[in-house]
Protein chains: 2
Amino acid sequence: MYMLQVGINGYGTIGKRVADAVRAQPDMEVVGVAKTRPNFEAEGAVENGYSLYAAIEERAELFDEAGIELAGMVEEMVEEADVVVDACPSGIGADNKSLYEEYDTPALYQGGEDADVADVSFNARANYEEAVDAQHVRVVSCNTTGLSRLIAPLREEYGVEKVRATLVRRGGDPAQTGRGPINDIVPNPVKLPSHHGPDVKTIFPDLAIDTLGLKVPATLMHMHSVNVSLESEPDAEEVRELLEEQSRIFVVPERMDIDGAGKLKEYAMDRGRPRADLWENCLWGESVSMEGNDLYLFQAIHQESDVVPENVDAIRAVTNSADARESIETTNDALEIGF
Amino acid sequence: MYMLQVGINGYGTIGKRVADAVRAQPDMEVVGVAKTRPNFEAEGAVENGYSLYAAIEERAELFDEAGIELAGMVEEMVEEADVVVDACPSGIGADNKSLYEEYDTPALYQGGEDADVADVSFNARANYEEAVDAQHVRVVSCNTTGLSRLIAPLREEYGVEKVRATLVRRGGDPAQTGRGPINDIVPNPVKLPSHHGPDVKTIFPDLAIDTLGLKVPATLMHMHSVNVSLESEPDAEEVRELLEEQSRIFVVPERMDIDGAGKLKEYAMDRGRPRADLWENCLWGESVSMEGNDLYLFQAIHQESDVVPENVDAIRAVTNSADARESIETTNDALEIGF
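Residues numbered from 1 in each chain as written. Chains lettered and ligands numbered in written order. Predicted model: local features only at pLDDT ≥ 70, side-chain atom pairs only at ≥ 80, totals over all residues. Heavy atoms only, no water.

**A word on the packing of helix 11 (residues 308–318) of chain B against helix 12 (residues 324–335) of chain B**
Helix packing geometry: the angle between the two helix axes and the distance between the axes.
Residue and element names in this part refer to chain B.
Okay, step 1: Axis separation between helix 11 and helix 12 bottoms out at 9 Å; the angle between their running directions is 135 degrees. Considering their axes alone, helix 11 and helix 12 lie oblique with respect to each other. Relative to helix 12, helix 11 is oriented so that their crossing is right-handed. On the side of helix 11, the interface is formed by Pro-309, Val-312, Asp-313 and Arg-316, while helix 12 contributes Ser-327, Ile-328, Thr-330, Thr-331 and Leu-335.
Okay, step 2: Looking at side-chain class alone, the contact of helix 11 with helix 12 contains four nonpolar, three polar and two charged residues. (Axes fitted to C-alpha atoms, helices over the stretch in contact; angles between N-to-C directions. Helix = DSSP H or I, 4+ residues; strand = E, 2+ residues; numbered from the N terminus. Parallel < 35°, antiparallel > 145°, perpendicular 65-115°, else oblique. Left-handed = near helix turned anticlockwise from the far one by under 90°. Contact = heavy atoms within 4.5 Å. Nonpolar A, V, L, I, M, F, W, Y, C, P; charged D, E, K, R; others polar.)

**Focus on the environment of Asn-293 of chain B**
All names here are of chain B.
Okay, step 1: By secondary structure assignment, the location of Asn-293 is in the loop between strand 15 (289–291) and strand 16 (294–301).
Okay, step 2: Each C-alpha atom, one on Asn-293 and one on Met-221, is 29 Å from the other, the two residues being 72 residues apart in sequence.
Okay, step 3: Among all residues touching Asn-293, those that are not within four sequence positions of it are Glu-161, Val-228, Ser-229, Leu-230, Ser-232 and Glu-233.
Okay, step 4: Of the polar contacts made by the side chain of Asn-293, one reaches the backbone oxygen of Leu-230; its length is 2.8 Å. (Polar contact = N/O pair within 3.5 Å; in protein donor to acceptor, adjacent residues only side chain to side chain.)

**Overview of helix 12 (residues 324–335) of chain A**
All names here are of chain A.
Okay, step 1: End to end, helix 12 covers 16 Å across 12 residues, agreeing with the expected 16 Å (1.5 Å per residue, within 8%).
Okay, step 2: Listed as buried for helix 12 are Ala-324, Ser-327, Ile-328, Thr-331, Asn-332 and Leu-335. Looking down the long axis of helix 12, one finds its buried residues gathered within 125 degrees of arc, a one-sided arrangement. The exposed residues of helix 12 that point more than 90 degrees off its buried face are Arg-325 and Asp-333.
Okay, step 3: The inward-facing, buried residues of helix 12 contact helix 1 (13–23), helix 6 (124–127) and helix 11 (308–318). (Expected span 1.5 Å × (residues − 1). Buried < 20%, exposed > 50% of the residue type's maximum accessible area, 1.4 Å probe, protein only. Arc of directions from axis to C-beta.)

**Here's the deal with the domain arrangement of chain A**
All names here are of chain A.
Okay, step 1: Domain annotation for chain A reports domain 1 (4–140 + 307–335) and domain 2 (143–301).
Okay, step 2: Once you take the C-alpha centre of each, domain 1 and domain 2 turn out to be 26 Å apart.
Okay, step 3: Taken together, the 23 residues of domain 1 in the interface contact 18 residues of domain 2.
Okay, step 4: Each partner contributes to the roughly 1,700 Å² buried at the junction of domain 1 and domain 2, and carbon and sulfur atoms together form 46% of this total.
Okay, step 5: Contact with domain 2 buries surface across domain 1, with Arg-17, Arg-125 and Val-140 losing the most and accounting together for 33% of the total.
Okay, step 6: Where domain 1 packs against domain 2, one counts seven salt bridges.
Okay, step 7: Asp-20 is the salt-bridge partner of Arg-275, the closest N and O atoms lying 2.9 Å from each other.
Okay, step 8: At the boundary of domain 1 and domain 2, one finds 11 residue pairs in polar contact (both at pLDDT 80 or more).
Okay, step 9: Looking at the side of domain 1 that touches domain 2, the elements with two or more residues in it are helix 1, strand 7 (120–122), helix 6, helix 11 and helix 12.
Okay, step 10: When the residues that make up the side of domain 1 that touches domain 2 are grouped by side-chain class, the tally is 10 nonpolar, six polar and seven charged. (Domains from an automatic or database assignment. Buried area = accessible area lost by both parts, 1.4 Å probe. Salt bridge = Lys/Arg side-chain N within 4 Å of Asp/Glu carboxyl O.)

**Overview of the relation of the copies chain B and chain A**
Okay, step 1: Relative to chain A, chain B is turned by 180 degrees and slid 0.0 Å along the rotation axis, the superposed coordinates differing by an RMSD of 0.0 Å. The transformation relating the two chain copies, once decomposed into turn and shift, fits a two-fold axis. Across chain B, the rotation axis passes nearest the C-alpha of Pro-217 of chain B, at a separation of 2.9 Å.
Okay, step 2: The overlap is high: 100% of the interface residues of chain B also sit at the interface in chain A, so the same surface is used on both sides. (Least-squares fit on C-alpha atoms with pLDDT ≥ 70 in both.)

**Regarding the pairing of strand 9 (residues 160–170) of chain B**
Residues and elements named next belong to chain B.
Okay, step 1: In terms of residue burial, strand 9 counts as a mostly covered element, since 10 of its 11 residues are buried.
Okay, step 2: Inspection of the sheet shows strand 9 paired to strand 12 (residues 222–230) by eight bridges, in the antiparallel sense. By the bridge assignment for strand 12, Ala-165 is matched with Val-226.
Okay, step 3: Here eight bridges tie strand 9 to strand 11 (residues 209–216), and the two strands are oriented parallel to one another. Paired with Val-168 across the two strands is Leu-214, which belongs to strand 11. (Pairing = 2+ DSSP bridges.)

**Focus: the packing of aromatic side chains**
Okay, step 1: Inspection of the entire model under this criterion finds 12 aromatic pairs over all chains.
Okay, step 2: Taking the centre distance of 5.9 Å and the plane angle of 20 degrees together, the rings of Phe-250 of chain B and Tyr-267 of chain B count as stacked. Of this pair, Phe-250 of chain B sits in strand 13 (residues 249–252) while Tyr-267 of chain B sits in helix 10 (residues 261–270), and the two are 17 residues apart along the sequence. One exposure class covers both Phe-250 of chain B and Tyr-267 of chain B, and it is buried.
Okay, step 3: Through pairs of rings, three or more aromatic residues link up here, namely Phe-250, Tyr-267 and Phe-339 of chain A. (Phe/Tyr/Trp six-rings, centres within 6.5 Å; stacked < 30°, edge-to-face > 60°.)

**A look at the UniProt feature "binding site: NAD(+)" (unreviewed entry) in chain A**
Residue and element names in this part refer to chain A.
Okay, step 1: Per the UniProt record, "binding site: NAD(+)" (unreviewed entry) is found at Thr-13, Ile-14, Gly-112, Arg-170 and Gln-303.
Okay, step 2: Considering the arrangement of structural elements, one finds Ile-14 in helix 1.
Okay, step 3: Judged by relative accessible area, Ile-14 falls into the buried class, the value being 18%.
Okay, step 4: In this view, Ile-14 contacts Ala-87, Gln-110, Gln-303, Glu-304 and Val-307; residues no more than four positions away in its chain are not counted.
Okay, step 5: Mapped onto the elements, Gln-303 comes out in the loop between strand 16 (294–301) and helix 11. (UniProt positions renumbered as here; feature names shortened; annotations may be inferred.)

**Some thoughts on the UniProt feature "domain: Glyceraldehyde 3-phosphate dehydrogenase NAD(P) binding" (unreviewed entry) in chain A**
Okay, step 1: Per the UniProt annotation, the sites labelled "domain: Glyceraldehyde 3-phosphate dehydrogenase NAD(P) binding" (unreviewed entry) are residues 4–142 of chain A.
Okay, step 2: For the annotated span residues 4–142 of chain A, helix accounts for 35% and strand for 24% of the residues, and the straight-line distance between the end C-alpha atoms is 25 Å.

**Quick look at the interface of chain B and chain A**
Okay, step 1: Across the boundary between the two partners, chain B contributes 42 residues, which contact 42 residues of chain A.
Okay, step 2: In total, chain B and chain A occlude about 3,400 Å² of area from one another, counting both sides; carbon and sulfur atoms represent 62% of this.
Okay, step 3: If you sort the residues of chain B by the area they bury against chain A, Ile-185, Tyr-296 and Phe-298 of chain B come out on top, with a joint share of 18%.
Okay, step 4: Our enumeration of links across chain B and chain A arrives at four salt bridges.
Okay, step 5: Close ionic contact of Asp-294 of chain A with Arg-164 of chain B constitutes a salt bridge, the shortest N to O distance being 3.0 Å.
Okay, step 6: The interface formed by chain B and chain A includes 16 residue pairs in polar contact (both at pLDDT 80 or more).

**Here we look at the sheet that holds strand 4 (residues 72–73) of chain B**
All names here are of chain B.
Okay, step 1: Across the sheet, which stays open at both edges, the eight strands sit in the order 4-3-2-1-5-6-8-7 with parallel pairing between neighbours. The sheet is open, and its two edges are formed by strand 4 and strand 7 (120–122), each paired on a single side.
Okay, step 2: In terms of strand pairing, strand 2 (residues 28–35) meets strand 3 (residues 52–54) through three bridges, oriented parallel. Bridged to Ala-34 within strand 3 is Tyr-53.

**Looking at the pattern of salt bridges**
Where charged atoms from two side chains of opposite charge approach closely, those side chains can pair.
Residue and element names in this part refer to chain A.
Okay, step 1: Tallied over the full model, the rule gives 42 salt bridges over all chains.
Okay, step 2: Where Asp-199 meets Arg-138, a salt bridge forms, and the shortest distance between an N and an O atom there is 2.5 Å. Of this pair, Asp-199 sits in helix 8 (residues 196–200) while Arg-138 is found in strand 8 (residues 136–139), placing the two residues 61 residues apart along the sequence.
Okay, step 3: For Asp-199, a relative accessible area of 8% translates into the label buried.
Okay, step 4: We note a salt bridge from Lys-263 to Asp-259, for which the minimum N-O separation is 3.2 Å.
Okay, step 5: When its relative accessible area of 40% is taken as the criterion, Lys-263 is described as partly exposed.
Okay, step 6: On the basis of relative accessibility, which here comes to 35%, the residue Asp-259 falls in the partly exposed class.
Okay, step 7: Each of Asp-27, Arg-149, Arg-248, Glu-310, Asp-313 and Arg-316 takes part in one network of salt bridges that share partners.

Have a look at this one:
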C-alpha cells in the first residue's frame, strides 16, 4: 500500500499534534516537520524521530548551535511531500502559499488564516467532498470546527432557522504565559459579530448565525453557550440521541459528574489520551434543552486539538484517497476517538 | 419633613451599601443595623455611626468580648423601624419573616430568597407601582435587576418576542476567597434553564425568556451576552439612543476605551464612587447590534451594588411616600447615579 508522504510546516501547538496523528494512520507517514527556530519542541521533534527541516535559511545555523540535527531546508520537505500541512502562526500560512505553489504541492492551512487563502474551508463532517482534489484547503479553527460538527447533523435532521452562540473563550493556551485577562471578563470583540459566525458560513454559506465572543481567565478549553432555532420541534431526548450518534461529539453523561473543563481534562489524562487531548466536542447531555423550537446546550472545545483529526481527513480529501465516511472512520480508529 | 426610619438586618455586602445609600437620601435615615457576629464590618458599622443591634441573642456577648458596643437586640430595631431591609444571606430572610410580621413592620428581602417569601418581586424601572403599600417585597437579584432594566424600555418601545441571555457569572465576590472556579469555565447550572429566566418572569410574567449561566474565574462583575428578538426592527443606533436615555444604564462610549470589568471598576474608583460601586448596568455601546429583529449586546453587572438604588426605591414604594418617577429621581440625585 502506498503511504501518503505528509510534510508539516510549523511544529507548535497544532503541528506537533498533527504530526503524531498522521504517524498513527495506516495510510500515511510524516516525511518531515519544519520549524523556524530551535526550542524544546524542535528537540522533541528529533527525539520523536521526525526529520527536522529549517523553515528560514538565515536561522538554520541556530539549530546547529543548539546541537539539533537538521535534515535540510523546508523547500526540500515541500518538494518531497504529497501534501503539506501548514501549521504556522496565523498569517504566516498565507506567506507560505507561494512556496507550496512553486512545488505544486497541495497544502492545508489552519483556521487562523483568512478564508481566501484557500479554495475551500473544510470540516470533515460537513463538507469533506468539497475539498476532494483541491490544491489549497483551510481547516477551520477550533471554534468553527466545534460549531460545524454540531450544526451539520441538526441541519440534516431538523433544519436550522438560526444559530445564536456565545463563545466564552479561554484567554490563552496553558503555555501562553503572556496572555490575559487575569480576573476579568472581556467582551471580545465588543463590536458584533465575532469572526466565528462569518467563519461558520464558510462551511454553511446559507446559514443564519450570529456569534458573540468573550475572553475569561481560563486556559483549558473554550465553552460555547449555544442556541439553535430549529425548523421543527423534536424533544430534547431525541436531539440528545442524535448528538450521541456523532463520532466526534462526546455527550458527557450525568453519571460522570464532570462539571467543567478541568474535570474533562482530568478525564482525558485518566484515559491516557496523548497530551490529554480532547479531539471531540464535549457536550453536556444534561444541558440539551428544547423550549418550543429553541435548542440550547453547552459544549466545551479543546482549542489545541479538535482540529487535529480534521487535518488528517483533509489530507485524504486533497489526495482523493478516501471518501468522507472511510476517512473519518480510519482517522477515528487510528486515534481511538470516541469515549 | 418626616424622615422614614429604616432598619437594616444584615450588614454584609448588600446591607452596608444599602445603609450608606439610605443615609444619603433626603427623606430617610438609618435607625440601626443588625449583625449576627462581630467582624471588621461590625466594627465599621459603629465607626460609621450606625446603631448596631445583635441579630442573635445567644451571640450578643461576642460583641462585648470584641469591644463593640451594641444598641440592643434586633427586635428593638424592627419595632422602631418604618421599614426593614433584610440583607441577610440567602434563605435567612425567609426565616426572619415572622419577626417582621410580629411587629407589623414592612420588610424588603433580597433576590437570594425564593420569590414566594414576598407579595411582590420588585424592580424600580419595571414595576414600582406593584409594591406600593405592600407588606413584603423582594428586590430581585443583581442579574435579574440588570436584565429587567434592559428589558423594560425595549418592551415599551419595540415589543419583545423573546429574550435569550448567557450570563457569564463571576465565581465569587472579591472577598470570597473560598470560592471557585480557578482557571475553569463551568456551565452552572448545567441543566437549563438557569434560575435567572424564571426570576425575570417574576417581574414580567408574560415574557418569553431563556437564560444560560456559567461561572468563570473572575470576581469583579458579571457579564451578560444578551439577545432580544424584538417585535419590530429599529436600527442599532436608535436602540442605543433609547438605552442611553435610561438613568440606570451606563452606555459605555467607544472613546473611553473601556474593554472589560477591570477598567470599569478603575473608572468607578477614578470617579470617587464609594467602594468603587457601579450601580448602573454597564452596557457597551459598540456591542449594540441588530440582525433583522435580533438585538445583541454585552452588559456588565456589578453584583455587589446594582440592587442598592432599587432597595432605596422599594422603601419609598412600601411606605407609599413617592411615585416611581419621583423616587428614582431622588435616589439617583442623592447617590449621583449616571456618569
